[in-house]
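Report on the structure
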Amino acid sequence: MELSVFDLSKQLGVAQDTIERWVRQGKLPVFKKGINYKFDTKELKKWASNHNIKLKFSDKTDLPQKQEQSIIPLSVAVQNGGVYFDIQGHDVNSVLKASIEKISKIPETFKTDLLDRLIEREKALSTGIGNGIAIPHPREQLSYLESPLVSVCFLDQPVDYKALDNKSVSVLFFILCPALKMHLHLLSALSFCLRDHQFIDFLKLKPDFAALVKKIEIIQKTNPI
Amino acid sequence: MNYKLLHIFRNTPFGRETFLQSLYFCKTINAFPVAYIPKSDKFLMYFSNDAVQVDLDHSYLTSPDTAKGHAEDLFKEMQIKPMFYEPKNYTASTLPDISTNFDYLCCPRSVSDLSSKIGLGHIGPKVRRIIKHSTFPILITSPVFKPWKSISVFFGGSKNALNALKLGLKIAMSSGFALKIYTLLEKQDESYYKDLIKKEGLAEPVKQLSSPWHFYEKKDFNKMLYDVPHDSLIVLGAYGHGIIKDILLGSKMEQIQSTVTNNLLITGPYCSVEL
Amino acid sequence: MSKIKNFFKNLFRRLFQLDDRLLLIIAGSIAGICSGLAAVALRLSLESVLELLHPFRQYGWAFILPAVGALLSSFYLEKIAREGAGHGVPEVIYSVSRHGGLLRFRSSYSRLISSFLTIGSGGSAGPEAPVVMSGSAIGSNIAKFLGLNDRQRITLVGCGTAGAIASIFNAPIAGMVFAIEVILGEWKFVNIIPIAIAAVAGAQVSHAIIPDQVIFNHLPFQVGGADILPSLGLAVVTAMVSVLFTKVLRQTGKIAKKSSLPFWARAIIGGSTVGIIGMFMPVVLAEGYHSIQSMISGTFSMGLFFVFFAVFAKIFATAMTLGWGGSGGIFAPCLVIGSLTGVVFHKMLMVLVPSFGCASEGAYALLGMTGLVSGVMQAPLTGIFLIVEITGGYETILPLIVVSSISSTMSHYIEPASFYFKELIERGQFLRPGTDARILSDLNIRELIETEFVKVSENMVFRKFIELLKTSDQNFFPVIEDGTQEYKGVIQISAIRKFALDPGMYDMVFLNQIMDTNVMTASLENDLQEVLDMMDINHMDSMPVVENNRFVGMISKTRILDLYRRELIMQTSDH
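Here the residue numbers are simple positions, counted from 1 along each chain's written sequence. The order in which chains are written sets their letters, starting at A; the order in which ligands are written sets their numbers, starting at 1. Totals for whole chains, interfaces and linings use all residues, but because this is a predicted model, local features are given only for residues with pLDDT of at least 70 and pairs of side-chain atoms are given and counted only at 80 or more. The basis for every side-chain value is the complete set of heavy atoms in the structure, and neither hydrogens nor water enter the calculation.

This part covers the overall build of chain C. A run of DSSP states H or I qualifies as a helix once it reaches four residues; a run of E qualifies as a strand once it reaches two. Both are numbered from the N-terminal end. Along the backbone of chain C there are 25 helices and five strands. For chain C, the C-alpha atoms occupy an extent of roughly 100 × 60 × 50 Å along the three principal directions. Going through the 575 residues of chain C one by one, you find that 57% of them count as buried. Long-range pairs, those at least 24 residues apart, make up 76% of the contacts in chain C with a sequence separation of at least 6. Here the open area of atoms and residues is found with the Shrake-Rupley method and a 1.4 Å probe, where only the protein chains shown may cover a residue. Summed over its atoms, the accessible surface of chain C is roughly 23,700 Å², and 65% of this surface lies on carbon and sulfur atoms. We count Lys and Arg on the positive side and Asp and Glu on the negative side, and we leave His and both chain ends out. Note on charges: their place is set at NZ of Lys, CZ of Arg, CG of Asp or CD of Glu. Each charge sign in chain C was given a centre, from 43 positive and 44 negative side chains, and these centres are 5 Å apart. Whether a residue is buried, partly exposed or exposed follows from its accessible area with a 1.4 Å probe, protein chains only, as a fraction of its type maximum: under 20%, in between, or over 50%, in that order. Should any heavy atoms of two residues lie within 4.5 Å, those residues are counted as being in contact.

A few words now on the pattern of salt bridges. What makes a salt bridge here is a side-chain nitrogen of Lys or Arg within 4 Å of a carboxyl oxygen of Asp or Glu, nothing more. For the coordinates displayed, the defined rule picks out 26 salt bridges over all chains. C:Asp150 is the salt-bridge partner of A:Arg24, the closest N and O atoms lying 3.5 Å from each other. Of this pair, A:Arg24 sits in helix H2 (residues 16-24) while C:Asp150 is found in helix H7 (residues 150-169), placing the two residues in two different chains. Accessibility expressed as a relative area gives 30% for A:Arg24, which makes it partly exposed. Across the pair B:Lys4 and C:Glu547 runs a salt bridge, and its minimum N-O distance is 2.9 Å. Here the residue B:Lys4 occupies a position in strand E1 (residues 3-8), and C:Glu547 occupies one in strand E4 (residues 542-547), the pair thus bridging two chains. The class for B:Lys4 is buried, based on a relative accessible area of 5%. A relative accessible area of 6% places C:Glu547 in the buried class.

This part takes up the side chain of B:Lys170. All names here are of chain B. Summarising the element assignment, lysine 170 is placed in helix H4 (residues 159-175). Although lysine 170 is buried, it makes no salt bridge; aspartate 103 carries the closest opposite charge, 7.6 Å away. N or O atoms closer than or at 3.5 Å make up a polar contact, with two conditions inside protein: a donor-capable atom paired with an acceptor-capable one, and, for residues adjacent in sequence, both atoms drawn from side chains. Separated by 3.0 Å, the side chains of lysine 170 and tyrosine 3 make a polar contact.

In this section: the nonpolar core. The nonpolar side chains of a soluble globular protein tend to be buried with one another. To qualify as a nonpolar core, a set must consist of buried Ala, Val, Leu, Ile, Met, Phe, Trp, Tyr and Cys residues joined through side-chain atoms within 4.5 Å. The biggest cluster of nonpolar side chains holds 121 residues, and the ones touching the most others in it are C:Phe169, C:Phe178, C:Ile183, C:Phe331, C:Met377 and C:Tyr420. In terms of residue count, helix H14 (residues 331-352) of chain C provides more of this core than any other element does, 11 residues in total. Look past the residues within four positions of C:Tyr420 in its chain and what remains in contact with it is C:His87, C:Val89, C:Pro90, C:Ile93, C:Phe178, C:Val182, C:Ile330 and C:Met377. In this structure, B:Leu5, B:Phe75, B:Phe155 and B:Leu162 belong to the second largest nonpolar core, which totals 47 residues.

Glancing now at unusual backbone geometry. Residue and element names in this part refer to chain C. Within the chain, glutamine 485 stands out as a residue other than glycine whose phi angle is a positive 60°. Relative to the assigned elements, glutamine 485 resides in the loop between strand E2 (476-480) and strand E3 (487-492). The phi dihedral of histidine 539 is positive, around 55°, even though this residue is not glycine. Relative to the helices and strands, histidine 539 is located in the loop between helix H24 (528-538) and E4.

Right, let's get into empty space enclosed by the protein. Note on definitions: the grid is 1 Å and covers protein atoms alone; a cavity is a set of points where a 1.4 Å probe fits but cannot get out; a pocket is an open set with protein on both sides within 12 Å along at least five of seven lines; lining residues have an atom within 4 Å of a point. Grid points are joined across faces, edges and corners, and a volume is the space filled by probe spheres set on the points. What the rule picks out here adds up to six cavities of 30 Å³ or more. Computed from the structure, the largest cavity encloses a volume of approximately 360 Å³. Considering the residues around the largest cavity, the lining is formed by 30 residues, among which A:Lys27, C:Ile154, C:Glu186, C:Lys188 and C:Arg438 are closest to the centre. Put simply, the parts of the chain that give the lining of the largest cavity at least two residues each are helix H4 (89-98), H7, helix H8 (172-184), helix H9 (189-209), helix H19 (436-442) and helix H25 (557-572) of chain C. Here the nonpolar group is Ala, Val, Leu, Ile, Met, Phe, Trp, Tyr, Cys and Pro; Asp, Glu, Lys and Arg are the charged ones; every other residue, Gly included, is treated as polar. Considering only residue class, the lining of the largest cavity consists of 10 nonpolar, 10 polar and 10 charged.

Chain C puts 31 residues into the contact, and the matching count from chain B is 31 residues. Between chain C and chain B, roughly 2,500 Å² of surface is buried when both sides are summed, and carbon and sulfur atoms account for 39% of that area. Reported buried area values correspond to the accessible surface (1.4 Å probe) lost by two parts on association, with both partners' losses combined. Three residues stand out in chain C for area buried against chain B, namely C:Arg82, C:Leu102 and C:Asn548, and they jointly supply 24% of the buried area on that side. Where chain C touches chain B, the interface holds 10 residue pairs in polar contact (both at pLDDT 80 or more). For the side of chain C that touches chain B, the secondary-structure elements that each account for two or more residues are H4, H7 and strand E5 (550-556) of chain C. Counting residues per element, the side of chain C that touches chain B draws most heavily on H4(C), at four residues. Of the residues in the side of chain C that touches chain B, the class split is five nonpolar, nine polar and 17 charged.

What follows covers the domain arrangement of chain A. Often, the extent of an interface is quoted as the loss of accessible area upon association of its parts. An automatic or database domain assignment is the source of the domain bounds shown. Annotation of chain A at the domain level lists domain 1 (2-65) and domain 2 (74-222). Summarising the inter-unit geometry, the C-alpha centres of domain 1 of chain A and domain 2 of chain A are found 51 Å apart.

Residue and element names in this part refer to chain A. The residue serine 126 is located in the loop between helix H6 (108-124) and strand E5 (128-130) in this model. In this structure, the C-alpha to C-alpha distance between serine 126 and proline 136, residues 10 residues apart in sequence, is 8.4 Å. Here serine 126 is in contact with Tyr161, Lys162 and Ala163, once residues within four sequence places are set aside. Looking at serine 126, its side chain comes within polar contact range of the main-chain oxygen of tyrosine 161, at 2.9 Å. Here the side chain of serine 126 touches lysine 162 through a polar contact of 3.2 Å, landing on its backbone oxygen.

Right, dumping it as structure tokens:
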């Protein structure tokens, strides 16, 4: 396979000037095609092994797949997570339990575990951020989830959540993610939405799934991230 | 963009004309000039496969104490910030190395026969060697400062000529001046040249930027040279197709250079021009 | 027609592309032969001129001869060949370190002519440095003709050098060792074979044309155990003499430079001085090979005191010749001074301990030569091998090693840089492969710049900047002026942390109020050493590069480290 100067410079992580200089100094195996320099992958592999230099000649798609996938917007996460209504319960633990029961994307076997984690998190610091909203989430990543979800649960009755503004809470936004970075991103996107007073009022109306997703999409567009 | 031109300053009235030309050139195409005031009568340029020594004649070392001041005055006259080049490395104590990291180099006009060396600086035959090895175009100025108002490209179809054409287009774009192409029909007809341009993907820019393409029969060479406007910048490639012919009969470049008084911008074989 | 040309081009390419060893050997032997011929030409012409001028030496006006020679030589160099001033060998080393051995074509012959004029008229200099320069230039231009890359060109320069020295002294190993020890500075396997072959080629050329080597005939010597102790003494003495020689050379050169006399006046003064000394002590004139020969064979007929003064006279004469306008090398004068020192030492030994069973005077002359070569040029191996090849045997090897190593060590201690390298080191241009200085000089600032930077306008509101910050991973933001795109300053995230976290500032501040305009910037013309010094002085890890008031990119120390390591691996690997 042939490589151009540009390709090789990307492979080795050096500037094109450097490759040209090494060719001029006779340090790289090269052959000329017209007036351009070209490199043969076989020759280069031999050269690299002689010089203890690591070279990857596999295709571009062979980049190490990190855990993070591309950023998923909040609206999509909500679509994944679903919107649920009439959650029963009169205290933190019971509404959490009831919500988890309803959220379909959580595998049955993990529900108890998740509940425990959420309760633990609430004990450390309440996730009631004010204005009747709470954002329960576990501290750890949930590797059994395929993709991040944000589940919106409207409570039947407001509950005392020991929130920051001491108001009772009627909407829960569950943020459940397989990776920490995703979690932070969704948290940030959500907090951006929740700064908008119109959105808070909108939530009080207990909108349905489609309307809520649409509203979130609109707000998202104004977020530069 | 950040194009740099190196000018070797001669502190004489003749050098003044040359320098004004360089300054005008830079101003027009948005490059910036750097002046080198020689302290010794020779310098060395290391290219990738050759070391070229340029011997300057003594007029380059005239009145060294006033040289910098004169150069600064000329810079200011053209409203360009004065920038000077100081060689950092020396091959021998009187032989400085001049860097080849420039985008343009300005040489005064050279006449190839030695008898007319008067006050022109003996860069003479060295210009050819520099052109042969340099990766940048060489600007050879007219004897007297004359602002050029259009660009004329001599297109002979060779690789060098293609580079010259690309350079001409580039200059037309940054200066806003009109571009004219002149071709001497040697063995092929017009369509051959037009196809060549199309193959290189230059058909569009040529159509946009240049006024009609002028073709001439081989016998009308001198007529072609006269038709080029006196205040036009001529852009051409260094070697044409036949190298043997060049050596025996004197290349077209030399012929052109000794007949017309326009400023010449010459691209050598190692130049690569990107649009 | 072009099809045939292409065929040959392809053949050539296939044959030599993948393994250029064959090509280098062939080209190297050609270089060795050519430089050998150049060396022979110079030697023969020197011989004939010396013979020609010999009858005139008895006249009173004969002292003018070296002056005339020096005058013609410097005139030729200055006006006709337009060479730079200088010794020549440092120029070759400089080119090998910085520019892959590119040498001008005129260097192949210009120094031959100039040194012919200088030495032929009696100037005290050696023909070796000019021949080395010619040989190197021949090798370099052969490489240029074949379109070779730097590494191959450097090998050919070494071949030219080796051929030259091998030819002059009829000593191929000395030629090879000199080329590698002094010029190239590294023992790489790829280099050794072509250089060795070139050395042999050069020596053979010399042997073929000058079959009975009158000079440097191989003579056997009887050296015994009794000589070890005196060798130590001789080593110390030669070390002192070496240091003295080097210092005198340098001083006279400085004085000549400082004086405002035009070059031809200096040449005349220098030459006349040498001429006058030469009238009384002919041994100081010219390159002195004949004198060396007679000292070696023990037929040298000067008394002790005369020889003692001759040492200093020769030092002075060489300094006057080379420092004041003449052209030539110091190798031969080193040999002469060395043998004179050896002879003096032996004579004194004989006076002090008349019945000492040590070797002959000739043997001590040889040891003295080694001592000087090792001391002045700090090339101990060259010194040893040269003498071994001259004597044709290894009997002298033990005292040779003693003298050579002690002399070079001692003079290194006093004068850390050898004569050839000193001026390069002073200019910071002594760049042996794999050294820090070399890497820093090879890496160009353009290769290290990162140019992918989002620039911000100086009139941007801080709030907008904060928004930008959310999506960017830059730590530095260059600030530019709106219309002209000129560089104005830099915003360093670490410096504005406290403002970035204070929302009250967001709408109150424009970027040109919080940007840092005092940040030191580099330009594309700076070399890496300068940039690193600037960073160290200002405790910076990153530095903006600005050219003609426009922001070009940033240089960071982490990137420098990556590329530095890469470069080091490339330079020291065994390719």
